[in-house]
Amino acid sequence: MSDIGLILLAAGASTRMGTPKQLLQYQQQSLLRHMVEVALASVCNPVIVVLGAYAELIRPEVESSNVRIVENDRWSEGMSTSIQSGMEALNDDVEAVVLMLCDQPFVSTQTINQLVNVFQATDGQIVASEYGGVQGVPALFKRNLFAELLTLSGAAGARQVIKQNAEKVFSLPFPNGIFDLDTRNDYEQFQKLITDNHLCI
């Protein structure tokens, strides 16, 4: 059993999308369900899903999964509160945690496992995905950085901790990480990309 947990952040209100992005359809299931399956197939355990906005509507998508569901009633205060909610649900004995978002559709089980493999091979403190000239999520954080994740505030997310600990970061190239689903146009482009290229992620 892995001693590396995973937190899937899915608490946002999707204001720019105009509809809960967690419930967007992909391969005859919701995007959130797809991302949960990707996470569960990885070496990480436990897998924690943080819900917030539309929690009652979204919960049925993950209730039958072998995940821990956490509801963040402070989701409107920013991503930091969702990270904190997920961190507080982790086992005390986890060595590290992977943070990922539900709106990066090209994240695969292999992507997650590569983060873990690099961490175990290098004993780095942060293993971050690199795309578009930035280091971001999905990213793995060693236990000694949990306190920094827990003290984030407002809209600050994992990228702030990555920036503040630049000398401790090992980057893993993940060009497709730049693609996320924030707007209806993003989703339409994603669907076109999948259809035109017969991609399956």
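Residues numbered from 1 in each chain as written. Predicted model: local features only at pLDDT ≥ 70, side-chain atom pairs only at ≥ 80, totals over all residues. Heavy atoms only, no water.

A word on the overall build of the chain. Assigned secondary structure in the chain consists of seven helices and nine strands. Since a compact globule built from 201 residues should have a radius of gyration of about 17 Å, the 16 Å found for the chain is in line with a globular shape. In terms of its C-alpha atoms, the chain occupies a principal-axis envelope of roughly 40 × 35 × 30 Å. Here the chain, with 201 residues, has 52% of them falling under the buried criterion. For the chain, long-range pairs separated by at least 24 residues make up 69% of all intrachain contacts whose partners lie at least 6 apart in sequence. With the model as given, the accessible surface of the chain reaches about 9,400 Å², and the carbon-plus-sulfur share is 47%. In the chain, 13 side chains carry a positive charge and 22 a negative one; their mean positions are 3 Å apart. (Helix = DSSP H or I, 4+ residues; strand = E, 2+ residues; numbered from the N terminus. Rg over C-alpha atoms; globule rule 2.2 N^0.38 Å. Buried < 20%, exposed > 50% of the residue type's maximum accessible area, 1.4 Å probe, protein only. Contact = heavy atoms within 4.5 Å. Areas by Shrake-Rupley, 256 points an atom, 1.4 Å probe, with all protein chains shown as cover. Lys, Arg positive; Asp, Glu negative; His and termini not counted. Charge placed at Lys NZ, Arg CZ, Asp CG, Glu CD.)

Leu32, Phe141 and Leu149 are the most contacted members of the largest nonpolar core, which has 67 residues in total. Dropping the residues within four chain positions of it, Leu32 is found in contact with Leu8, Ala10, Gln22, Val49, Leu51, Ile58, Val62 and Cys102. (Core = buried A, V, L, I, M, F, W, Y, C linked by side-chain atoms within 4.5 Å.)

This model, assessed by the stated rule, comprises one aromatic pair. Pairing Tyr131 with Phe174 gives two aromatic rings, centres 6.5 Å apart and planes at 85 degrees, and the pair type is edge-to-face. Of the two residues, Tyr131 sits in strand S7 (residues 126-131) while Phe174 sits in the loop between strand S9 (169-173) and helix H7 (184-197), which places them 43 residues apart along the sequence. Judged on exposure class, the residue Tyr131 and its partner Phe174 are both buried. (Phe/Tyr/Trp six-rings, centres within 6.5 Å; stacked < 30°, edge-to-face > 60°.)

Take the sheet that holds strand S8 (residues 134-142) next. A sheet is described by the order of its strands in space; here seven strands give the open sequence S5-S4-S1-S6-S8-S7-S9, paired in mixed fashion. Either end of the sheet is taken by a strand with one partner, and the two such strands are strand S5 (68-71) and S9. Put simply, the sheet's adjacent strands are angled 25 degrees from each other on average, direction ignored. Direction of pairing for S7 relative to S9: parallel, over a ladder of five bridges. By the bridge assignment, Glu130 is partnered in S9 with Pro173. Of the strands in this sheet, strand S1 (4-10), strand S6 (96-101), S7, S8 and S9 touch helix H4 (residues 109-122), which is tilted by about 60 degrees from S8. (Pairing = 2+ DSSP bridges. Axes fitted to C-alpha atoms, helices over the stretch in contact; angles between N-to-C directions.)

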